[in-house]
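# Close look at the chain arrangement
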Amino acid sequence: MISSSDDDQIVIYDCQNGTPKRTLNSKKYGVDLIRYTHAANTAVHSSTKLDDTIRYLSLHDNKYIRYFPGHTKKVVCISMSPVDDSFLSGSLDKTIRIWDLRSPNCQGMMHMSGRPVAAFDPEGLIFAAGVNSESVKLYDLRSFDKGPFATFKLQQDKDCDWTGLKFSPDGRHILISTNGQIIRLVDAFQGNALQTFMGHTNLKGVPLEASFTPDSQFVFSGSTDGKIHCWNAETGSKISVLNAEHTAPVQCIQFNPKFMMMASACINMAFWLPIVDE
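Attention in this report is confined to the structure presented alongside it. Computed from a prediction, not measured in an experiment: that's the story for all the values here. Each chain has its residues counted from 1, following the order in which its sequence is written. Selection of residues for local features in this predicted model requires a pLDDT of at least 70, selection of side-chain atom pairs for listing and counting requires 80 or more, and totals for whole chains, interfaces and linings are taken over all residues. Excluding hydrogens and water, the side-chain figures rest on all heavy atoms present in the structure.

Mapped onto the secondary structure, serine 89 falls in strand 9 (residues 86-91). At 2.8 Å, the side chain of serine 89 and the side chain of tryptophan 99 are in polar contact. Excluding anything up to four places from it in sequence, serine 89 contacts Ile54, His71, Val75, Cys77, Ile78, Thr95, Ile96, Arg97 and Trp99. Secondary structure elements are defined from DSSP: runs of H or I of at least 4 residues count as helices, runs of E of at least 2 residues count as strands, and each element is numbered from the N terminus. Between N or O atoms, a polar contact is any pair within 3.5 Å; within protein, one atom must be a potential hydrogen donor and the other a potential acceptor, and residues adjacent in sequence are included only when both atoms are from side chains. Contacts are assigned to residue pairs with any non-hydrogen atoms lying within 4.5 Å of each other.

Turning next to the nonpolar core. Joining through side-chain atoms within 4.5 Å is the link that ties buried Ala, Val, Leu, Ile, Met, Phe, Trp, Tyr and Cys residues into a set, and such a set is a nonpolar core. Under the scheme applied here, a residue whose accessible area is under 20% of the maximum for its type counts as buried, over 50% as exposed, and between as partly exposed, the area being computed with a 1.4 Å probe on protein chains only. Ranked by size, the top nonpolar core spans 16 residues in total, and within it Ala128, Val136, Leu138, Phe167, Ile174 and Ile176 carry the most contacts. Looking at which element gives the most residues to this core, the answer is strand 16 (residues 162-167), with three residues. Filtering out sequence-adjacent residues up to four positions away, valine 136 remains in contact with Ala128, Ala129, Gly130, Ala150, Thr151, Phe152, Leu154, Trp162, Ile174 and Ile176. Cys77, Ile96, Phe127 and Phe144 belong to the second-largest nonpolar core, a separate cluster that totals 14 residues.

The four strands lie next to each other as 8-9-10-11, forming an open sheet whose pairing is antiparallel. Either end of the sheet is taken by a strand with one partner, and the two such strands are strand 8 (75-80) and strand 11 (103-111). Shown here is a sheet whose adjacent strand axes are inclined to one another by a mean of 25°, direction ignored. Pairing between strands is defined by DSSP: at least two bridges between them are needed. Sheet topology note: the strand 9/strand 10 (residues 95-100) ladder contains five bridges and is antiparallel. Across the sheet, serine 86 pairs through a bridge with aspartate 100, a residue of strand 10. Fitted lines through C-alpha atoms serve as axes, helices being fitted only where they are in contact, and the angles separating the N-to-C directions of these axes extend from 0 to 180 degrees.

So, on to the packing of aromatic side chains. Between the rings of Phe, Tyr and Trp (Trp by its six-membered ring), a pair exists once the centres lie within 6.5 Å; its type follows the angle of the planes, with under 30 degrees stacked, over 60 edge-to-face, and the other angles tilted. The full count for this structure, using the stated rule, is ten aromatic pairs. Centre to centre, the rings of phenylalanine 87 and tryptophan 99 are 6.2 Å apart; their planes meet at 15°, and the pair counts as stacked. Of this pair, phenylalanine 87 sits in strand 9 while tryptophan 99 sits in strand 10, and the two are twelve residues apart along the sequence. Ring pairing ties together the aromatic residues Tyr56, Phe68, Phe87 and Trp99, which thus form one cluster. By definition, being over a ring means that NZ of Lys or CZ of Arg is both within 6 Å of the ring centre and within 35 degrees of the ring normal. Here the guanidinium or amino end of arginine 55 rests over the ring plane of tyrosine 67, the centre of that ring lying 4.9 Å away.

Structure (structure tokens):
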């Protein structure tokens, strides 16, 4: 597992032992969002210093393979295609760009009317873009220049902004996380709002990541009080609240795609395994 922090460090963790394996520094460019690519030992990350270029890093020797310039303001989302070397980025410059790891040139660009959030579906055939915290647009990757093939208008959240968007692993639902005290679940085909998850605290207006479990049945989110909340995705009911030794807002929650293991992070990292009854 790979993580980044605002002290310009990239830390790689051994998932089996839950221990830090390697630490890399990005003092020159800073590091914000970071994502593994499909190639072994490589990652792409957004920058916090100099400019808003996205950088392709070889983790083996801590050297940059390629730069992806173009965004003029902070990059707020990066989504790697699940099937090939393409990836999406969204920025406060109100654009979503499509890239190919093999070329520094942007492969396509969409101008949005506000802050975008974007993600690929599990098949890598379409991507969703959340715009202005009120509408979700679906694009076919092969013909995105023709515009979205579906647009879903949702009730606008006046008290918060959308800060993240994810498809469920089964592709049926879209999860929208915010910098407020609500998380929305939307039908990926019809666009209707299915659930609004509430009950976690976010009084500081920070973006809190929410994630599906690998079976798409549950949704987990962090909270500014250091707790982790879990809901049933189908019924919307709260299942549990987990206490970890998190002393700051839990802004990151992610699941291992292959094993039933979860990681949560504030200024420290916690790894979780299910309790299995013998």
